[in-house]
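Breakdown of the fold
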Amino acid sequence: AHPALEAVFTVDEEIGMEGAQGLDFSQLSARRMLNIDSEDEGIFTVSCAGGASANVSVGLTMAPNAAPCAKLTVSGLIGGHSGQEINKGRANANKVLAAALQGLPVTLCSIAGGSKDNAIPRASEAVVVSEADDFAALFAANAAKAALPETEQHAEFYCEPAEAGEMLAESEAVLDLLNAVPNGVQAMSSDIPGLVQTSLNLGILTTDADAVRLTFSVRSSVNREKFGLIAQLKALAARFGGSYSESGEYPAWEYQKDSRLREVMVEVFEAQYGRKPVVEAIHAGLECGIFSDRLPGLDAVSFGPQMHDIHTSRERLDIASTARTWEYLVAVLERL
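A quick note: this is a predicted structure, and the numbers were derived from the prediction, not measured.

Some details on helix α3 (residues 135-144)
Taken together, the buried positions of α3 are F135, F139, N142 and A143. Seen from one end, α3 has its buried residues packed into an arc of 100°, which puts them on one side. Among the structural elements, β6 (69-75), α2 (93-101), β10 (124-129) and β11 (156-162) are those in contact with the buried residues of α3.

What to know about unusual backbone geometry
Positive phi is not limited to glycine here, since D309 has a value of about 50°. With respect to the helices and strands, D309 occurs in the loop between β19 (307-308) and β20 (316-317). With a relative accessible area of 34%, D309 lands in the partly exposed category.

Topic: the pattern of salt bridges
Summed over the entire model, instances satisfying the criterion amount to 12 salt bridges. Between E125 and K71 there is a salt bridge, and its shortest N-O distance comes to 3.8 Å. Of the two residues, E125 sits in strand β10 while K71 sits in strand β6, which places them 54 residues apart along the sequence. The exposure class of E125 is partly exposed, given its relative accessible area of 34%. By relative accessible area, K71 is classed as partly exposed at 27%. As a salt-bridge pair, K276 and E270 come within 3.4 Å of each other at their nearest N and O atoms. In this structure K276 comes out as exposed when scored by relative accessible area, which is 61%.

As for the nonpolar core
In this structure, L101, L108, I111, V128, L214, F216 and L233 are the most contacted members of the largest nonpolar core, which totals 48 residues. Among the elements that line this core, the one with the most residues is α2, at 6 residues. Sequence-distant contacts of V128, defined by excluding residues within four places in its chain, comprise P68, C69, A70, L72, L101, V106, T107, L108, C109 and F135. With 16 residues, the next largest nonpolar core counts L34, V268, V301 and L333 among its residues.

With respect to the pairing of β10
With 5 of its 6 residues buried, β10 lies for the most part within the structure. Note: β6 against β10, 5 bridges, orientation antiparallel. Following the sheet pairing, A70 is matched in β10 by V128. Summarising the sheet, strand β8 (residues 107-113) and β10 pair through 6 bridges and their orientation is antiparallel. Looking at β10, one finds that I111 is bridged to A126.

What about the packing of aromatic side chains?
As enumerated under the stated definition, the model contains 9 aromatic pairs in all. When the centroid spacing of 5.8 Å and the interplanar angle of 75° are considered together, the rings of F303 and Y328 count as edge-to-face. Here Y328 lies in helix α8 (residues 319-335) and F303 lies in strand β18 (residues 299-303), a separation of 25 residues in the sequence. Looking at F303, the relative accessible area reads 4%, which means it is buried. What makes Y328 buried here is its relative accessible area of 2%. Among the aromatic residues, those joined into a cluster by ring pairs are F44, F269, Y273, F303 and Y328.

Let's talk about helix α6 (residues 260-273)
Given a rise of 1.5 Å per residue, 14 residues ought to cover 20 Å, and the 20 Å separating the end C-alpha atoms of α6 matches this to within 8%. Buried within α6 are the following residues: L261, R262, V264, M265, V266, V268, F269 and Y273. In the core, the buried residues of α6 are packed alongside β2 (32-36), β3 (43-48), β17 (278-282), β18 and α8.

What about the packing of α2 against helix α4 (residues 171-180)?
α4 packs onto α2 with a crossing angle of 125° between their chain directions and a minimal axis gap of 9 Å. Comparing their axes, α4 and α2 come out oblique. In terms of crossing hand, the pair formed by α2 and α4 is left-handed. Contacts between α2 and α4 pair K95, A98, A99 and L101 from the former with L175, L178, N179 and A180 from the latter. Per-class residue counts for the contact of α2 with α4 are 6 nonpolar, 1 polar and 1 charged.

What counts and how
- Residues numbered from 1 in each chain as written.
- Predicted model: local features only at pLDDT ≥ 70, side-chain atom pairs only at ≥ 80, totals over all residues.
- Heavy atoms only, no water.
- Buried < 20%, exposed > 50% of the residue type's maximum accessible area, 1.4 Å probe, protein only.
- Helix = DSSP H or I, 4+ residues; strand = E, 2+ residues; numbered from the N terminus.
- Arc of directions from axis to C-beta.
- Contact = heavy atoms within 4.5 Å.
- Salt bridge = Lys/Arg side-chain N within 4 Å of Asp/Glu carboxyl O.
- Core = buried A, V, L, I, M, F, W, Y, C linked by side-chain atoms within 4.5 Å.
- Pairing = 2+ DSSP bridges.
- Phe/Tyr/Trp six-rings, centres within 6.5 Å; stacked < 30°, edge-to-face > 60°.
- Expected span 1.5 Å × (residues − 1).
- Axes fitted to C-alpha atoms, helices over the stretch in contact; angles between N-to-C directions.
- Parallel < 35°, antiparallel > 145°, perpendicular 65-115°, else oblique.
- Left-handed = near helix turned anticlockwise from the far one by under 90°.
- Nonpolar A, V, L, I, M, F, W, Y, C, P; charged D, E, K, R; others polar.

Okay, structure coming up:
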């Protein structure tokens with residue numbers, strides 16, 4: 001064994017999030033970690049977001065209704081991944097529809113949009129009852145006022161007849177909640193230019209027999225900000241007569257301004273490759289977050305050889321890059 005391995009451990013990507021959660025950390029004394037889990041040679045990852053799936057539910061009491069209903073739809077939005085595209089100004093269809101309904105004389109029968117908490121919804125729809133004779137015009141006027149970013153000006157709004165359905169006695173509370181919950185980028189990093197530090201995405205909105213349910217993907221590379229967002233959602237749930245739960249919570253890998261490991265790896269990379277590596281943070285989750293949470297003071301960097309089409313049937317590993325990365329790893333261990 002290389003002598004430096006007494007103070008350093010390496011991890012490859014096979015461990016996975018669930019494996020990291022179940023690891024017996026009492027067997028680890030090292031506080032430097034070389035995480036061989038990146039697929040772009042020359043890119044070092046030094047921080048990632050922690051997250052959770054947050055759920056807010058409002059219990060329902062159904063009221064009979066014989067009046068005609070209208071189905072309201074917003075569609076044609078761009079959407080995207082809530083980790084990778086959350087900073088690109090993509091509109092969330094659930095929030096857009098809630099804003100277009102705000103202040104209108106309506107009672108909800110149902111409202112729904114999105115299918116994954118980590119995907120920005122492209123479409124959302126509601127079935128409503130309104131006593132206003134000119135409701136379609138009112139909805140169109142409200143929709144025209146929706147604060148859509150320049151990239152979403154092609155969004156489409158529809159109002160069409162729908163079959164009569166039971167009304168939600170909690171309609172006002174549901175709409176007020178939807179308009180009150182935060183969404184999108186909440187904070188940018190002061191250490192890494194352009195990095196989203198904290199965000200959330202209202203990815204799933206459903207109405208079933210007993211509740212309207214909102215599911216968010218909450219992310220932050222600063223743990224206290226993640227828990228602050230969760231506390232805000234809990235407070236809003238209570239304010240509007242709802243309940244809160246969460247699942248899949250995982251910790252952030254917070255950026256370390258002073259990292260001896262990072263310094264050594266950058267120096268060795270420049271010596272071997274004749275250029276500087278890219279040092280970056282990502283607004284998504286990595287196993288390093290779990291390791292840094294369970295091993296206080298951990299100094300970690302994620303790197304790896306060049307790979308293509310990862311997690312697909314076309315996944316390929318660059319053999320020459322793997323050889324260079326092995327030589328690089330040995331050189332780093334010799335310096336530590």
